[in-house]
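# Coordinates in review
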Amino acid sequence: ASTSRHTFVVREASYTRLCSTKDILTVNGQFPGPTIYAMKGETIIVDVYNRGKENVTIHWHGVNMPRYPWTDGPEYITQCPIQPGLKFSQKIILSSEEGTLWWHAHSDWTRATVHGAIIVYPKNGTKYPFHKPNAEVLIILGQWWKIDANAIRDEGLASGAIANHSDSLLINGQPGDLLPCSKLDTFKLTVDHGKTYLLRIINAALQEALFFSIAKHKITVVGTDGSYTKPLTLDYITIFPGQTFDVLLEANQRPDHYYMAAIAFSLASTGRNIYDNTTTTAIVQYMGYYTPSSPPFLPHLPAYNDTNASVQVMANLRSLEDAEHPCNVPLSTSTKLIYTVSMNSYPCVNNSCSGTNGTRTAASINNISFHTPTVDILEAYYYNISGVYGDKFPSVPPLVFDFTADYLPLLYQLPSTGTEVRVLEYNSIVEIVFQGTNVAGGSIHSMHLHGHSFYVVGWGFGNFDENRDPLHYNLVDPPHQNTIYVPRNRWVAIRFEASNPGVWFMHCHIEEHSTWGMATVFIVKNGKHPKAQMLPPPSDMPPC
Ligand code: C2O
Ligand code: CU
């Protein structure tokens, strides 16, 4: 396989949005950041220079990095951060991924502005499993705050409340013309009637699950998270933080101007109205001579609290499963885990709360709120440094109770803090059932695993039933993903083969939830064969 090399200079740059200007952290001064184009199976080297004022790391989201966790990127999980003035040469090792992935900072909340796309084309001599589109278009969905990203984090942590909603959502870095001072720079996609466009859509927002749609047009999903799917034609998609979708858009309507728009699907039970100041828009404009409708047509999007709409895409997504893209879903499992993902609410008296640092809110998996260590877990594991993490997660089986109830065992309301990991034998076949809860009002989650893509074999309402629910798993053509939606009060089951030795983070991709502790780590042990073992570290690992 070939190798290409890129330079990422992490530095501040000044950007103006919503009538005000601020310095944001960028890569090469670009926001969204530069796109990496690659071919399946390629290895890419990115020289990351930190010329900013704060620590940073870069992660290749959805790249499985076979046997090489060293440059995967999550801060204090696989590396210590790159300090200002330092450089780290990172390898991106592509293997089975094909489609749209992305990269982002994995250090504090800097990924708010430090992110970009990774586009993986089929190998030479192979093709897309659909008609070649006439053109490809990148759609990066994000969020903009008038204040600094880390200030939002501090606000959220200090008050223990939900951090400020952003001042706007973004399409390709632009709020769109429903928002002040944004008209001229609104993203415009020019299309030619009769042609087909491949839209590569990434949800890079820190916190928001999004409904996305294009007025009067249907879109056909053909891939997600770097794997192909059976074509699925829809009016809208729901895209959770961290996910990507490849969709085909046929320019088959009367030449005119049409909005594409994204709106937030409420994480908890409160929310906003349709087409308010959280709606971001871009314009699909047909070529030709005509007088465009003004304003352009608006799409119909589900309401912010439409839970049924939110599960429709997940419910209907199937992996492509053809000769060139087989579906290798494990038919049996050797390690079964039930991970209860919950928000937790500490009691407060006169504004003084009993959580860590006086916080009111925590998030946890099986009642442990993840505490980030100060030496990275990968180096601690590799060099046998003790005292950095515990390896008995989960130490007690999850409690059995009605996860959809409002009354919950006290234990679940008051999690303990720890740096707990799960050690997996090489090639163990893992099933994880994420059980969503209604704790502390409940919230949706977007669980992301590093190092492995997984098959989403089942999901359902209410409490997971070990005896009954597995009978209904899809073991034929489940979608292959790296980030999955866990609805409130529902469960989702995933399976993967732990065939990638290394240290792999798993966390909610809603930034606030992972900061509050909704995270854990898998250590996958080496196999016997040298080809089943972790590669040695590079010589320029950032110092701790
Ligand atoms: Cu996209 Cu651990 O992250
Ligand atoms: Cu979450």
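Fair warning: this is a prediction, and the values are worked out from it, not measured in the lab.

The rules behind the values
- Residues numbered from 1 in each chain as written.
- Chains lettered and ligands numbered in written order.
- Predicted model: local features only at pLDDT ≥ 70, side-chain atom pairs only at ≥ 80, totals over all residues.
- Helix = DSSP H or I, 4+ residues; strand = E, 2+ residues; numbered from the N terminus.
- Rg over C-alpha atoms; globule rule 2.2 N^0.38 Å.
- Buried ≥ 20, exposed ≤ 12 C-beta atoms within 10 Å, placed from the backbone.
- Contact = placed C-beta atoms within 7 Å.
- Pairing = 2+ DSSP bridges.
- Axes fitted to C-alpha atoms, helices over the stretch in contact; angles between N-to-C directions.
- Core = buried A, V, L, I, M, F, W, Y, C linked by C-beta atoms within 7 Å.
- pLDDT = per-residue confidence, 0-100.
- UniProt positions renumbered as here; feature names shortened; annotations may be inferred.
- Domains from an automatic or database assignment.

Turning next to the overall build of the chain. If you tally the helices and strands in the chain, you get five helices and 34 strands. For 544 residues, the compact-globule formula gives about 24 Å, and the C-alpha radius of gyration of the chain, at 22 Å, lands near that figure. Counting only C-alpha atoms, the chain reaches 70 × 60 × 55 Å along its principal axes. When burial is assessed residue by residue, the chain has 50% of its 544 residues classed as buried. The long-range fraction of contacts in the chain, counting pairs at least 24 apart against all pairs at least 6 apart in sequence, stands at 78%.

This part is about the pairing of strand S34 (residues 519-524). Of all the six residues making up S34, six are buried; the element is thus mostly covered by neighbouring parts of the structure. Of the two faces of S34, both are covered, the one formed by Ala 519, Val 521 and Ile 523 as well as the one formed by Thr 520, Phe 522 and Val 524. Where strand S26 (residues 421-424) lies against S34, four bridges are found, and the strand directions are parallel. Looking at the pairing, Arg 422 lines up with Phe 522 of S34. When strand S33 (residues 502-508) meets S34, the two strands line up antiparallel, connected through six bridges. The residue bridging Val 503 from the neighbouring strand is Ile 523, located in S34.

Next up on the list: the environment of Pro 326. For Pro 326, the location among the structural elements is in the loop between helix H2 (307-316) and strand S20 (335-345). Along the chain, Pro 326 and Pro 501 lie 175 residues apart, while their C-alpha atoms are 23 Å from each other.

Moving on, we come to the sheet that holds strand S6 (residues 87-93). The strand order S2-S1-S4-S6 describes an open sheet built from four strands, whose pairing is mixed. Pairing within the sheet leaves two strands with one partner each, and these edge strands are strand S2 (20-27) and S6. Across the sheet, the mean angle separating the axes of adjacent strands is 25° when strand polarity is ignored.

The subject of this paragraph is the nonpolar core. One finds Leu 141, Leu 210, Val 247, Ile 494 and Val 521 to be the most contacted residues of the largest nonpolar core, which totals 143 residues. Examining the composition of this core, we find that eight residues originate from one element, strand S18 (residues 257-265), more than from any other. Residue contacts for Leu 210: discarding those within four places in its chain leaves Leu 141, Asn 203, Ala 205, Ile 239, Ala 262, Ile 263, Ala 264 and Phe 265.

Close reading of the predicted structure is inappropriate where its pLDDT is low. Looking at the chain, pLDDT values average 92 and 93% of them are 70 or higher. Both scores are available for the predicted complex, with the pTM at 0.96 and the ipTM at 0.99.

Spatial ordering of the open sheet is given by S11-S19-S18-S13-S16, a layout of five strands whose pairing is mixed. Two strands in the sheet have a free side with no partner beyond their single neighbour: strand S11 (188-191) and strand S16 (236-239). Pairwise comparison of adjacent strand axes, ignoring direction, gives a mean angle of 20° for this sheet. One ladder, built from four bridges, connects S11 with strand S19 (residues 280-286); its direction is parallel. Along S19, the bridge assignment pairs Thr 190 with Gln 285.

Now for the UniProt feature "domain: Plastocyanin-like" (unreviewed entry) in the chain. Here the UniProt-annotated "domain: Plastocyanin-like" (unreviewed entry) positions come out as residues 10-124, 136-287 and 415-527. Segment residues 10-124 splits into 0% helix and 46% strand. End C-alpha atoms: 32 Å apart.

With respect to the helices and strands, the residue His 450 is situated in the loop between strand S28 (445-449) and strand S29 (454-461). Note: C-alpha distance between His 450 and Thr 57 (393 residues apart in sequence) is 15 Å. Among all residues touching His 450, those that are not within four sequence positions of it are Asp 72, Pro 74, Trp 504, Phe 505 and Met 506.

Moving on, we come to the domain arrangement of the chain. Domain boundaries assigned for the chain yield domain 1 (3-121), domain 2 (135-316) and domain 3 (335-532). Taking only C-alpha atoms into account, the centre of domain 2 sits 28 Å from that of domain 3.

Here we come to the environment of Ala 151. Topologically, Ala 151 is positioned in helix H1 (residues 149-159). Through-space distance from the C-alpha of Ala 151 to that of Trp 109 is 9.1 Å; in sequence the pair is 42 residues apart.

As a further point, take unusual backbone geometry. Between Phe 31 and Pro 32 the backbone carries a cis peptide bond, its omega angle lying at -10°. With respect to the helices and strands, Pro 32 occurs in the loop between S2 and strand S3 (36-39). For the peptide bond that leads from Ser 294 to Pro 295, omega is -5°, which places it in the cis range. Turning to its location among the elements, Pro 295 is positioned in the loop between S19 and H2. In this model, Asn 28 sits at a positive phi of 55°, which is unusual for a non-glycine residue. On the secondary structure map, Asn 28 appears in the loop between S2 and S3. One non-glycine residue, Asp 225, lies in positive phi territory at about 50°. A tally of 25 C-beta atoms within 10 Å means that Asp 225 is categorised as buried.

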